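Okay, here's what each chain looks like letter by letter:
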Amino acid sequence: MTRASMDLNADLGEGFGRWRLTDDEQLLSVVTSANVACGFHAGDAVTMRRVCALAAERGVRIGAQVSYRDLAGFGRRAMDVPPDELAAEVAYQIGALDVFARAAGAAVAYVKPHGALYNRVVRDGVQARAVVEGVLLADGGLPLLCLPGSALHRSAGEVGLPVVAEAFADRAYTAEGTLVPRTEEGAVLHDPAEVVERSVAIARSGTVTSHGGRPVPVRARSLCVHGDTTGAVELARRVRAALEDAGVRVEAFT
């Protein structure tokens with residue numbers, strides 16, 4: 001059964017100083033939600049302010065993409081951070097971004113972990129609860145965008161935080177419904193036709209084909225297309241067009 005609507009999100013603001021990784025302006029003309037780097041894995045004050053202003057101007061929802069403090073490793077290195085420290089750093093990142101979102105006439109509308117933190121809180125209940133505590137410190141009502149069935153999903157539900165299930169158009173899945181680690185071959189899908197086909201399948205049937213060839217149920221309200229992949233803008237445009245052609249309304253979940 002085709003889902004009536006689907007949010008399309010991308011990671012944006014992933015630059016630092018003179019270095020820019022994502023084509024923020026073009027992607028903001030396609031996506032409905034922007035996961036904005038908050039300075040720990042990428043991003044800086046000028047970048048956050050610019051992306052928030054562009055997003056607000058175009059009616060795109062602003063999300064805080066929180067990360068381990070790992071600028072050199074782009075937030076993709078496994079780290080052991082004490083829970084109280086992680087909670088404080090999550091709150092810190094949300095607050096930093098919200099300053100610029102409010103200056104642009106908007107506000108942070110949701111939170112999404114990035115990279116190694118995202119993967120860690122799929123299974124690690126202690127780290128998941130620390131992320132939830134950080135969100136509560138910053139704003140107790142913000143939804144968390146995360147993998148369905150994850151430890152983070154459960155931890156948020158235990159304290160009444162809204163959760164939004166997310167699927168990935170350009171990532172390979174395991175038979176358990178988790179993401180194949182980026183260290184493994186085939187973890188990222190590079191064939192645009194395959195990514196588009198998978199996006200429509202997620203919206204229409206709520207399933208993806210796992211890395212091993214088995215169908216995996218994926219009930220998602222938001223679909224992520226990574227902004228740092230080659231040809232990300234054109235790919236996002238193709239995904240959005242295919243969803244709309246399939247009768248799916250592309251709109252923000254907040």
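Use the structure listed above.
Residues numbered from 1 in each chain as written. Predicted model: local features only at pLDDT ≥ 70, side-chain atom pairs only at ≥ 80, totals over all residues. Heavy atoms only, no water.

A. Highlighting the overall build of the chain. Within the chain, the regular secondary structure consists of eight helices and 12 strands. For the chain, whose C-alpha radius of gyration is 17 Å, the value lies close to the compact-globule estimate of 18 Å for 254 residues. Projected onto its principal axes, the C-alpha coordinates of the chain cover approximately 40 × 35 × 35 Å. Expressed as a percentage of contacts within the chain between residues at least 6 apart in sequence, the contacts between residues at least 24 apart total 72%. (Helix = DSSP H or I, 4+ residues; strand = E, 2+ residues; numbered from the N terminus. Rg over C-alpha atoms; globule rule 2.2 N^0.38 Å. Contact = heavy atoms within 4.5 Å.)

B. Seen up close, the side chain of Arg171. Summarising the element assignment, Arg171 is placed in the loop between strand E8 (163-168) and helix H7 (192-205). Salt bridges are absent for the buried Arg171, whose nearest opposite-charge side chain, Asp170, sits at 6.1 Å. A distance of 2.5 Å separates the side chain of Arg171 from the backbone oxygen of Val180, its partner in a polar contact. One polar contact links the side chain of Arg171 to the main-chain carbonyl oxygen of Ala187, over a distance of 3.1 Å. Aside from chain neighbours lying at most four places away, what touches Arg171 is Leu179, Val180, Pro181, Arg182, Ala187, Val188, Leu189, Arg198 and His226. (Buried < 20%, exposed > 50% of the residue type's maximum accessible area, 1.4 Å probe, protein only. Lys, Arg positive; Asp, Glu negative; His and termini not counted. Salt bridge = Lys/Arg side-chain N within 4 Å of Asp/Glu carboxyl O. Polar contact = N/O pair within 3.5 Å; in protein donor to acceptor, adjacent residues only side chain to side chain.)

C. Representation of the pattern of salt bridges within the structure. Under the definition given, this model contains 11 salt bridges. Among the ionic pairs, Glu25 bridges to Arg58, the shortest N-O distance being 3.5 Å. On the criterion of sequence distance, the pair formed by Glu25 in helix H1 (residues 24-27) and Arg58 in helix H2 (residues 45-58) is long-range, its members being 33 residues apart. Since its relative accessible area comes to 43%, Glu25 is described here as partly exposed. Among the residues examined, Arg58 registers a relative accessible area of 31% and is labelled partly exposed. Between Arg120 and Asp124 there is a salt bridge, with the nearest N and O atoms lying 2.8 Å from each other. Residue Arg120 is classed as partly exposed on the basis of its relative accessible area, which comes to 26%. Through salt bridges with shared partners, a single ionic network connects Asp11, Lys112 and Glu166.

D. Here's a closer look at the pairing of strand E4 (residues 33-37). Taken across its five residues, E4 has five buried, putting it largely inside the fold. Residues Ser33, Asn35 and Ala37 line one face of E4 and the alternating positions Ala34 and Val36 line the opposite face, and both faces are buried. The pairing of E4 with strand E5 (residues 61-66) spans five bridges and is classified as parallel. Within E5, the position partnered with Ala34 by the bridge is Ile62. (Pairing = 2+ DSSP bridges.)

Function cannot be inferred from these measures alone, as they are strictly geometric.
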